[in-house]
Amino acid sequence: MGVEASKTTSRSRNKTTRSRKARPKVLKSINPRTGEVVGEVPTMDPAEVAEVVEQARKVAPEWASIPPEGRVRLLRRVRYRLNEMIDEIVDVVSQECGKPRFEALGHDVLPPAIVMMELERTAPRILRSKRVGWMSGAVAPKLLSGTKSRIDLRPYGVVGAITPWNYPLTNAFLAFMPALFAGNAVVIKPSEVTPRSGELLRKILDPLPSGVATVIQGGGAVGAAMIEAPVDKIAFIGSGFTGSKILETAAKHLTPAVMELGAKDAAIVLDDADLDIASSGVLWGSFFNAGQTCCSIERVFVDDSIADEFEEMLLEKLARVRHENDPGSEVGSLTFSRQLDIVSRQVADAVDKGAQLVTGGPEAGPLNSKGSLWYAPTILRNVSEDMDVVRDETFGPVIQIVRVRDDDEAVRRANEGANLTVSVWTKSSAHVDAVATRLRAGTVTMNLHGETPAMPWGPWGGVGESGFGRLSGPQGLLEFVYPVHVVKPLGLMRRVWWYPYNEESRATLDSSTRMFTAPTLGKKLEAAKIFGANVGKALSSKF
Ligand code: NAD
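A brief structural summary. (Residues numbered from 1 in each chain as written. Predicted model: local features only at pLDDT ≥ 70, side-chain atom pairs only at ≥ 80, totals over all residues. Heavy atoms only, no water.)

A word on the overall build of the chain. In terms of regular secondary structure, the chain is built from 20 helices and 19 strands. By principal-axis analysis of the C-alpha atoms, the chain measures approximately 90 × 70 × 40 Å. Put simply, the chain has 543 residues, and 52% of those count as buried. Here the contacts in the chain between residues at least 6 apart in sequence split such that 72% fall between residues at least 24 apart. Surface accessibility of the chain: about 24,600 Å² in total, with carbon and sulfur atoms responsible for 56%. One way to put it: in the chain the 66 positive side-chain charges average out to a point 12 Å from where the 64 negative ones average out. (Helix = DSSP H or I, 4+ residues; strand = E, 2+ residues; numbered from the N terminus. Buried < 20%, exposed > 50% of the residue type's maximum accessible area, 1.4 Å probe, protein only. Contact = heavy atoms within 4.5 Å. Areas by Shrake-Rupley, 256 points an atom, 1.4 Å probe, with all protein chains shown as cover. Lys, Arg positive; Asp, Glu negative; His and termini not counted. Charge placed at Lys NZ, Arg CZ, Asp CG, Glu CD.)

As a further point, take a nonpolar patch on the surface. A grouping of Leu490, Met493 and Leu539 is seen on the molecular surface, where their side chains present a nonpolar patch of about 250 Å² in accessible area. The topology assignment puts Leu539 in helix α20 (residues 521-540). (Patch = residues over 30% accessible without salt bridge, like charges linked within 9 Å, V, L, I, M, F, W, Y side chains within 5 Å. Salt bridge = Lys/Arg side-chain N within 4 Å of Asp/Glu carboxyl O.)

Counted residue by residue, strand β11 (residues 265-269) has five buried out of five residues, so it is predominantly covered. Alternating residues of β11 divide into Asp265, Ala267 and Val269 and Ala266 and Ile268, and every residue in both groups is buried. Traced from β11 through helix α12 (residues 275-287) to strand β12 (residues 297-303), the parallel crossover comes out right-handed. For β11 and strand β16 (residues 421-425), the ladder comprises four bridges, and the chain directions are parallel. Bridge pairing in β16 links Ile268 to Val424. (Right-handed = clockwise from strand over helix to strand, strands pointing away. Pairing = 2+ DSSP bridges.)

Bringing the site of the ligand into the picture now. Lys189, Glu192, Ser239, Thr242 and Glu393 are the nearest of the 29 residues found near the ligand. In the environment of the ligand, an oxygen atom lies 2.6 Å from a nitrogen or oxygen atom belonging to the side chain of Lys189. The contact in question runs from an oxygen atom of the ligand to an N or O atom on the side chain of Arg338, over 2.7 Å. Relative to its unbound accessible surface of 850 Å², the ligand loses 92% to contact with the protein. Of all the elements in the fold, those that place two or more residues in the shell around the ligand are α10 (220-228), β9 (233-237) and α11 (240-253). (Near = heavy atom within 4 Å. Polar contact = N/O pair within 3.5 Å; in protein donor to acceptor, adjacent residues only side chain to side chain.)

Another aspect to go through is the side chain of Asn166. The topology assignment puts Asn166 in the loop between β6 (158-162) and α8 (170-181). A relative accessible area of 4% places Asn166 in the buried class. In terms of polar contacts, Asn166 uses its side chain to reach the side chain of Asn171, at 2.9 Å. A distance of 3.1 Å separates the side chain of Asn166 from the backbone oxygen of Gln292, its partner in a polar contact.

Moving on, we get to the pairing of strand β17 (residues 443-446). The alternating pattern of β17 places Thr443 and Thr445 on a buried face, while none of Val444 and Met446, on the opposite face, is buried. Pairing between β16 and β17: four bridges, direction parallel. Within β17, the position partnered with Thr421 by the bridge is Thr443. Handedness of the crossover is the feature at issue here: the chain leaves β16, passes through helix α17 (residues 429-436), returns alongside β17, and the resulting connection is right-handed.

A few words now on helix α5 (residues 101-108). Considered for burial, the residues of α5 that qualify are Glu103, Ala104, His107 and Asp108. On an axial view of α5, the arc spanned by its buried residues comes to 105 degrees, and they lie on one face. Each element contacted by the buried residues of α5 is listed here: α4 (86-97), α6 (110-127), α8 and α12. (Arc of directions from axis to C-beta.)

With mixed pairing, the seven strands of this open sheet are ordered in space as β13-β14-β15-β12-β11-β16-β17. Every interior strand has two partners, whereas the edge strands, β13 (356-359) and β17, have only one. Averaged over all adjacent pairs, the angle separating strand axes in this sheet is 25 degrees, with direction ignored. (Axes fitted to C-alpha atoms, helices over the stretch in contact; angles between N-to-C directions.)

On to the packing of aromatic side chains. Aromatic ring pairs are defined here through the distance separating the ring centres and the angle between the ring planes. Evaluation of the coordinates by the stated rule reveals seven aromatic pairs. Between Tyr156 and Tyr482 the ring centres are 5.6 Å apart and the planes differ by 55 degrees, which places this aromatic pair in the tilted class. Taken together, the positions of Tyr156 in the loop between β5 (147-155) and β6 and Tyr482 in strand β19 (residues 481-489) put the pair 326 residues apart, joining distant regions of the chain. Between the aromatic rings of Trp165 and Phe395, the centroid separation amounts to 5.5 Å while the plane-to-plane angle is 80 degrees, which identifies the pairing as edge-to-face. Residue Trp165 is found in the loop between β6 and α8, and its partner Phe395 is found in the loop between α15 (388-391) and β15 (398-404); the two are separated by 230 residues along the sequence. (Phe/Tyr/Trp six-rings, centres within 6.5 Å; stacked < 30°, edge-to-face > 60°.)

Scanning the model with the defined rule gives 29 salt bridges in all. With its nearest N and O atoms 3.2 Å apart, the salt bridge here joins Glu84 to Arg81. Pair noted here: Glu84 and Arg81 are both in helix α3 (residues 68-84), with a separation of three residues, about one helical turn. When the shortest N-O distance is used, the salt bridge between Glu228 and Lys252 registers 2.9 Å. One end of the pair, Glu228, is in helix α10; the other, Lys252, is in helix α11, with 24 residues separating them in the sequence. Taking relative accessible area as the criterion, Glu228 reaches 34% and is therefore assigned partly exposed.

Among the structural elements, Arg71 can be located in helix α3. A polar atom in the side chain of Arg71 sits 2.7 Å from the backbone oxygen of Ile66. Non-local contacts of Arg71, meaning those with residues more than four positions away in its chain, are made with Trp63, Ala64, Ile66, Leu127, Leu180, Phe181, Ala182 and Gly183.

See the structure below:
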């Protein structure tokens, strides 16, 4: 984990007493398993950020002028660079985030590769200009208009990507890669909590032409300076709290934004669930990455009829999960102390207000006594509305199990919280569909949870408090272009609605309107006759 701090070597300490301005800031990278500082990365002065954005703006037109197929060829080098750096990425991400090496590989190297492969395959087709078909839709108004239309998709210019620490590579790739494929230059502000991972990004992007993708390191002030610069489009992944601050500045500059925010995802275990699959899937979906995942399960709604058996299986499996304080474990450490504070506070508040601690909590597990940032996977029962853990995102290894009477109650309660994903656990596909249409979430899954941000063929994003816009799938690519409607007349001719407004042009418009609204064929033909008698004269009127 990293924290912003002043570098205080003896040489710089002497200088800083003379001039506070000269003091270089660094981000410290800290191994949360040991508390040891494992690296330092210089930060950018917020005052320099506007210049970086300006440089990107100069490079952007050239990058945009490369046809999508050409950009694909250049961007493919980034995927090959990932291949060269697999071990280095796993080392750094696992150490800096405190996550198991298995997860660093599976969640921070594999998904960026998959994201790229999908964009390489689909971007040229999605970004192609499209004719608006004559034969599709309402033909008559197009005939009246006498034009042909094309839709071009143009990049915005400079996209500013601001990303969090929980998947320092995957989240960054989700935010900036579609923007690059779409022809934008990008400026990326990764999280100050994981600065060495930010440096990895810089190295991975090195094969691209200079200035097309720039990584700037620093805390919130550096991110804020980028929004203020301003950029032409914002891709933000982070908390709703920061998201709304960013949107205030964005509103001032009228900068469009994609907001991927936090959630309190629900899993619904229906009465016909396969309990072996459901208990294994809910276990993983709740505790992978120590629950520090925007779409990890935080609320489990279980049908009363199978709740005892489900809980028993869940607890039995949880007892077998490996928790060593080393990179080979299955549940890793929390990444920095703020997360431990939030988790500890929410669990204490819940227990104070009457929640039952089924397993876990502050005293559980041998690792807590060592002072590491590890927190035992925790299950709560008997939670109530007045508890923070029910209302607020935890972003840690804590879930609550709530028994429900039937599907209706499960849906109602799931919809009471912000969801990126709701997973439905059942053997019946039809049962999922019956429930899914009533769920408020960006993604609904059957018998799996938490893996969909790494499915770049589908849209990824939220609704309401969990965000807006999409960062994946065709929709994710289209976020980073704006459509330009190019219109040409079929021949060199005047328009019926130009001056002069005479009897013939009025009759042409009147008969068209009647044709387009006529409820019967007879009335349509009557109007068409008047149209035919007038349109030629209207078109040839001189002014
Ligand atoms: P955060 O909001 O604290 O920080 C996110 C980023 O915003 C960081 O890079 C930070 O430096 C920057 N930032 C902070 N203040 C800023 C400001 N005023 N202007 C511009 N930038 C600023 O979030 P976090 O703790 O890094 O990440 C955890 C949150 O992210 C959780 O809520 C989690 O659910 C959410 N998240 C969402 C998704 C998703 O896809 N929806 C994915 C991962 C994480």
